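# A closer look at the structure
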Amino acid sequence: QAAHWVLPHSPALARFYCSTQRGAARRLVLRMAPSVKRRMCRRCCSLLLPGSGGCVRLRGEAGGGSGGPPGGGCGGEGAELSPTRVPFAGGGQPRTVLRCRKCGRGRRYLCQ
């Protein structure tokens with residue numbers, strides 16, 4: 001909660017809080033709640049909130065993948081469908097991709 005409150009004022013302090021929480025959970029062999037784990041970037045411990053720490057895209061439509069740059073830019077440019085490239089395995093199910101703005105790592109979730 002503290003990381004959410006501090007994020008607009010100091011993203012570095014929010015990352016410090018998240019990394020401290022993750023380090024304590026590892027050291028004490030505790031499980032973090034899945035909703036908490038989904039909100040943190042695994043690489044740089046920043047919060048993945050749409051707009052401030054990450055961006056959201058819909059990828060992997062049935063029948064083909066989304067085109068675009070291989071790094072998956074977050075600029076808001078439209079994605080064109082490419083029938084030859086399927087970015088994710090899994091039966092062609094659409095997925096939501098949350099991409100970290102700090103390090104660029106993406107997290108994929110099935111659309112509900």
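Residues numbered from 1 in each chain as written. Predicted model: local features only at pLDDT ≥ 70, side-chain atom pairs only at ≥ 80, totals over all residues. Heavy atoms only, no water.

- An unreviewed UniProt entry annotates the protein as RPP21 protein of Syrrhaptes paradoxus.
- The Sequence similarities (unreviewed entry) field of the UniProt record for the protein holds the comment "Belongs to the eukaryotic/archaeal RNase P protein component 4 family." (UniProt positions renumbered as here; feature names shortened; annotations may be inferred.)

## Quick look at the state of the cysteines
- Across all of its chains, the model carries zero disulfides by this definition.
- Its sulfur unpaired, Cys100 is 3.6 Å from the next cysteine sulfur, which belongs to Cys44. (Disulfide = S-S within 2.5 Å.)

## Some thoughts on the sheet that holds strand S5 (residues 106–110)
- The strand order across the open sheet formed by three strands is S1-S4-S5, and the pairing between neighbours is antiparallel. With one partner strand each, in any of the chains shown, strand S1 (54–59) and S5 form the two edges of the open sheet. Neighbouring strand axes in the sheet, compared pairwise and without regard to direction, differ in orientation by 25 degrees on average.
- The pairing of S1 with strand S4 (residues 95–100) spans six bridges and is antiparallel. Within the sheet, the bridge partner assigned to Gly54 lies in S4 and is Cys100. (Pairing = 2+ DSSP bridges. Helix = DSSP H or I, 4+ residues; strand = E, 2+ residues; numbered from the N terminus. Axes fitted to C-alpha atoms, helices over the stretch in contact; angles between N-to-C directions.)

## Considerations on the confidence of the model for the protein
- Chain-level pLDDT for the protein is 77 on average; 72% of the residues reach the 70-or-more range.
- Averaged over each element, pLDDT in the protein is lowest for strand S2 (residues 65–66) (47) and highest for helix H2 (residues 11–27) (93).
- pLDDT under 50 marks residues 63–72. Its contacts with residues more than four places away, or in other chains, come to 26 contacts. (pLDDT = per-residue confidence, 0-100. Contact = heavy atoms within 4.5 Å.)

## Focus on the pairing of S4
- Taken across its six residues, S4 has five buried, putting it largely inside the fold.
- The sheet contact formed by S4 and S5 spans five bridges and is antiparallel. Bridge assignment links Arg95 to a residue of S5, and that residue is Leu110.
- What sits between S4 and S5 in their antiparallel hairpin is a turn of five residues, with Gly104 showing a positive phi close to 90 degrees. (Buried < 20%, exposed > 50% of the residue type's maximum accessible area, 1.4 Å probe, protein only.)

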